[in-house]
Amino acid sequence: MSPISRRDFLKNAASYTAAAGFVSASGLQLCANPLGMPIGCQTWPVREMIAKDFPATIKELAAAGFQTIELCSPVGYADSGFAGLAKYKGAELRKILGDAGVSCVSSHFGIEELRENQQRAIDWAKDVGLTQMLVPSLDGPKNPTMDDVKKAADEYNKIGEQAAKAGIQQGLHNENFELTSIDGKRTYDLLFDLLDPKLIKFQFQVSTISRGYDAAEYFTKYPGRFISMHVQGWSMATKKTMAVGQDSLDWKRIFTAAKTGGIKNYFVEMNLDQMKASVPYLRNLQA
């Protein structure tokens with residue numbers, strides 16, 4: 001499978017019957033979890049549930065073992081099921097999460113919404129209590145030139161500077177544009193050279209192993225440059241997503257390298273059944 005974007009990847013993953021996932025851990029089980037962190041969950045896979053009933057969805061995630069979640073902006077992801085989050089004040093959102101025993105310090109924002117009105121996004125993030133703002137991609141061209149990459153990096157450094165002034169860490173996921181190449185060099189690697197390490201951290205999409213992007217290798221190659229990762233189980237034999245621990249990836253190696261990479265949190269991101277099935281393995285994984 002070739003996960004060109006997280007949306008395409010998850011759309012395909014939803015059809016697989018292999019159980020697995022990425023889940024947030026119960027506070028009583030933190031000591032057993034890798035990196036000593038709660039098991040996190042990206043809410044994109046349950047966006048349709050969130051559109052119907054956000055509080056009920058959070059309760060279900062918590063019951064499944066999730067302890068921390070990563071949201072998506074109600075502006076940048078309005079058409080994907082998150083528009084309803086805008087009706088809640090920050091205190092109300094925090095209460096819904098707190099009552100379910102779930103925390104949230106990170107959310108995805110579309111690069112376009114930051115270009116149009118970054119201050120609005122920052123204000124929402126501060127109101128909710130976020131400390132991390134991520135974009136899925138810088139949305140550069142499919143066949144970029146070096147000038148395109150430099151232009152994108154310069155723009156995002158400026159966005160990162162404004163976020164830093166507000167006490168928020170800006171981060172970059174790796175999708176479409178980041179997985180392109182220029183004269184045999186990966187755009188993703190070029191961005192590590194062009195983005196300010198103080199202003200911009202990276203969030204690694206583990207499923208990009210299908211494109212040759214190895215999480216452990218990147219964590220080791222760029223120490224301290226990462227803030228989080230999206231976790232997907234992957235079978236090298238079937239080229240399909242699978243539950244974490246039921247797949248072919250060496251998760252102890254990945255999480256051990258994540259320490260070097262600087263990972264502060266991680267979020268399981270597959271269909272709900274897969275996420276639920278991944279919890280037991282992650283609870284017992286020592287790294």
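Residues numbered from 1 in each chain as written. Predicted model: local features only at pLDDT ≥ 70, side-chain atom pairs only at ≥ 80, totals over all residues. Heavy atoms only, no water.

1. Focus: the overall build of the chain
Right, on to step 1. Helices and strands together make up the secondary structure of the chain, namely 10 helices and 12 strands.
Right, on to step 2. Sorting the 287 residues of the chain into buried and exposed places 56% on the buried side.
Right, on to step 3. Element-wise, carbon and sulfur atoms account for 50% of the exposed surface of the chain, whose accessible area totals about 11800 Å². (Helix = DSSP H or I, 4+ residues; strand = E, 2+ residues; numbered from the N terminus. Buried < 20%, exposed > 50% of the residue type's maximum accessible area, 1.4 Å probe, protein only. Areas by Shrake-Rupley, 256 points an atom, 1.4 Å probe, with all protein chains shown as cover.)

2. Quick notes on the nonpolar core
Right, on to step 1. Counting residues in hydrophobic clusters, the biggest one holds 85 residues, and the most contacted among them are F54, F204, F219, F226 and M229.
Right, on to step 2. Sort the elements by how many residues they give to this core and helix α5 (residues 111-128) lands first, with seven residues.
Right, on to step 3. Setting aside anything within four residues of it in sequence, one finds F204 in contact with N174, Y188, Y213, D214, A215, Y218, F219, F226, S228, M229 and H230. (Core = buried A, V, L, I, M, F, W, Y, C linked by side-chain atoms within 4.5 Å. Contact = heavy atoms within 4.5 Å.)

3. Some thoughts on the pattern of salt bridges
Two side chains bearing opposite charge may form a pair once their charged atoms approach each other closely.
Right, on to step 1. For the structure shown, the criterion picks out six salt bridges.
Right, on to step 2. We note a salt bridge from R115 to E155, for which the minimum N-O separation is 2.9 Å. Here E155 lies in helix α6 (residues 146-165) and R115 lies in helix α5, a separation of 40 residues in the sequence.
Right, on to step 3. By relative accessible area, R115 is classed as partly exposed at 34%.
Right, on to step 4. The shortest N-O distance in the salt bridge between D189 and K221 comes to 2.9 Å. Residue D189 is found in helix α7 (residues 187-194), and its partner K221 is found in helix α8 (residues 215-221); the two are separated by 32 residues along the sequence.
Right, on to step 5. Residue K221 is classed as exposed on the basis of its relative accessible area, which comes to 52%. (Salt bridge = Lys/Arg side-chain N within 4 Å of Asp/Glu carboxyl O.)

4. Quick notes on the packing of aromatic side chains
Right, on to step 1. Following the criterion strictly, the structure yields 22 aromatic pairs and no others.
Right, on to step 2. Between the aromatic rings of F109 and W124, the centroid separation amounts to 5.9 Å while the plane-to-plane angle is 75 degrees, which identifies the pairing as edge-to-face. Separated by 15 residues along the polypeptide, F109 in the loop between β3 (103-108) and α5 and W124 in helix α5 bring together distant segments of the chain. Grouping residues by exposure puts F109 and W124 together as buried.
Right, on to step 3. A centroid spacing of 6.0 Å and a plane angle of 15 degrees characterise the contact between Y213 and Y218, whose relative ring orientation is stacked.
Right, on to step 4. Take Y213: its relative accessible area is 3%, and that puts it in the buried class.
Right, on to step 5. Members of the aromatic cluster, each reached through a chain of ring pairs, are Y188, F192, F202, F204, Y213, Y218, F219, Y222 and F226.
Right, on to step 6. Between R47 and the ring centre of W44, over which it is positioned, the NZ or CZ distance is 4.1 Å.
Right, on to step 7. Over the ring of Y213 we find R186, and its NZ or CZ is 3.9 Å from the ring centre. (Phe/Tyr/Trp six-rings, centres within 6.5 Å; stacked < 30°, edge-to-face > 60°. Lys NZ or Arg CZ within 6 Å of the ring centre and 35° of its normal.)

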